[in-house]
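So the chains spell out like this:
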Amino acid sequence: MKLLTKTLLAASILLAFALNANAQTNTVSAEAAATIISPITISVDNNMNFGYVGATPAGGTVLLQPDGTITPTGVSLASGITTSPAIFTVTGEPSFTYSITLTNASIVLTESISSSTMTVDTFTRLPIGDGTLDVTGNQTLRIGGTLNVGASQTAGLYENTTDLEVTVNYN
């Protein structure tokens, strides 16, 4: 009988510990938050303009840097004509960085009467690499390129038939 009592007592103690161990649960809560930021946008301030280019029998190139510096090779430029890289304003969340992607490796310029073409390629830009918006959420993006002038290129106004596409995205 003593043995049975001791066994029952031990079993009830073990059962109490088991129930107590299962009864110990912890609950914790997590919070969720989100911050909505301004969408990043880009707008054109100035289109790329290589100015008046004098064709030659051999052809050549006109290098237009993002800072506006222009260097003709094998062709001539008329003086007093305003040239300009493509200039954009990027707007978004202050001090955020963003990536810049130029969709086209080259763009085509076509003279409408003769359908003669030239290409612009080897694009360069400022800023180089990723951009960073200033404390007001703005940055100027400047893009230059190389105009490829053919031998004895037909005279006329050449305008793009493919656009210079620029995409910006927050990093």
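Everything here concerns the structure above.
Residues numbered from 1 in each chain as written. Predicted model: local features only at pLDDT ≥ 70, side-chain atom pairs only at ≥ 80, totals over all residues. Heavy atoms only, no water.

Asks: I'd like a description of the overall build of the protein chain, backed by residues and values.
Replies: Looking only at helices and strands, the protein chain features 1 helix and 13 strands. Beginning at the N terminus, the succession of helices and strands in the protein chain can be written as α-β-β-β-β-β-β-β-β-β-β-β-β-β. The buried share of the protein chain, reckoned over its 171 residues, is 26%. Taking the intrachain contacts of the protein chain between residues at least 6 apart in sequence as the baseline, contacts between residues at least 24 apart amount to 73%. Total accessible area computed for the protein chain in this model is approximately 10,900 Å², and 58% of it derives from carbon and sulfur atoms. (Helix = DSSP H or I, 4+ residues; strand = E, 2+ residues; numbered from the N terminus. Buried < 20%, exposed > 50% of the residue type's maximum accessible area, 1.4 Å probe, protein only. Contact = heavy atoms within 4.5 Å. Areas by Shrake-Rupley, 256 points an atom, 1.4 Å probe, with all protein chains shown as cover.)

Asks: Please give an account of the nonpolar core that cites residues and values.
Replies: Grouped together as the largest cluster of nonpolar side chains are 24 residues, with contacts concentrated most on Ile143 and Leu147. The element that contributes the greatest number of residues to this core is strand S11 (residues 138–149), accounting for 4 residues. Not counting residues up to four positions away in its chain, the partners in contact with Ile143 are Met48, Pro85, Ala86, Phe88, Leu102, Phe123, Thr124, Arg125, Leu164 and Val166. (Core = buried A, V, L, I, M, F, W, Y, C linked by side-chain atoms within 4.5 Å.)

Asks: Could you give me a rundown of the sheet that holds strand S7 (residues 97–102), with the residues and numbers involved?
Replies: Across the sheet, 3 strands lie side by side as S10-S7-S13; this open sheet has antiparallel pairing. Looking at which strands have only one partner, the edges of the open sheet turn out to be strand S10 (131–132) and strand S13 (166–170). With 5 bridges connecting them, S7 and S13 associate as antiparallel partners. Bridge pairing links Thr101 to Thr167 in S13. (Pairing = 2+ DSSP bridges.)

Asks: Give me the side chain of Ser116: which residues, what numbers.
Replies: Note that Ser116 resides in the loop between strand S8 (106–111) and strand S9 (117–126). Given the relative accessible area of 17%, Ser116 is considered buried. There is a polar contact of 3.1 Å between the side chain of Ser116 and the side chain of Thr154. Residues contacting Ser116, with those up to four places away along its chain left out, are Leu109, Thr110, Glu111, Gln153, Thr154 and Tyr158. (Polar contact = N/O pair within 3.5 Å; in protein donor to acceptor, adjacent residues only side chain to side chain.)

Asks: So, the environment of Thr41: which residues are in play, and what are the values?
Replies: In this structure, Thr41 sits in strand S1 (residues 41–46). The exposure class of Thr41 is partly exposed, given its relative accessible area of 39%. When the C-alpha atoms of Thr41 and Asn138 are compared, they prove to be 9.7 Å apart, with 97 residues separating the residues in sequence. Setting aside residues no more than four positions away along its own chain, Thr41 makes contact with Thr89, Val90, Thr91 and Val168.

Asks: Which residues make up the pairing of strand S3 (residues 60–64), and what values do they have?
Replies: Only one face of S3 is covered, namely the face carrying Gly60, Val62 and Leu64; the face carrying Thr61 and Leu63 is uncovered. Where S3 lies against S11, 5 bridges are found, and the strand directions are antiparallel. Paired with Thr61 across the bridge in S11 is Asn148. Of the pairings in the sheet, the one linking S3 to strand S4 (residues 70–73) comprises 4 bridges and is antiparallel in character. Paired with Leu63 across the two strands is Thr71, which belongs to S4. What sits between S3 and S4 in their antiparallel hairpin is a turn of 5 residues, with Gly68 showing a positive phi close to 100°.

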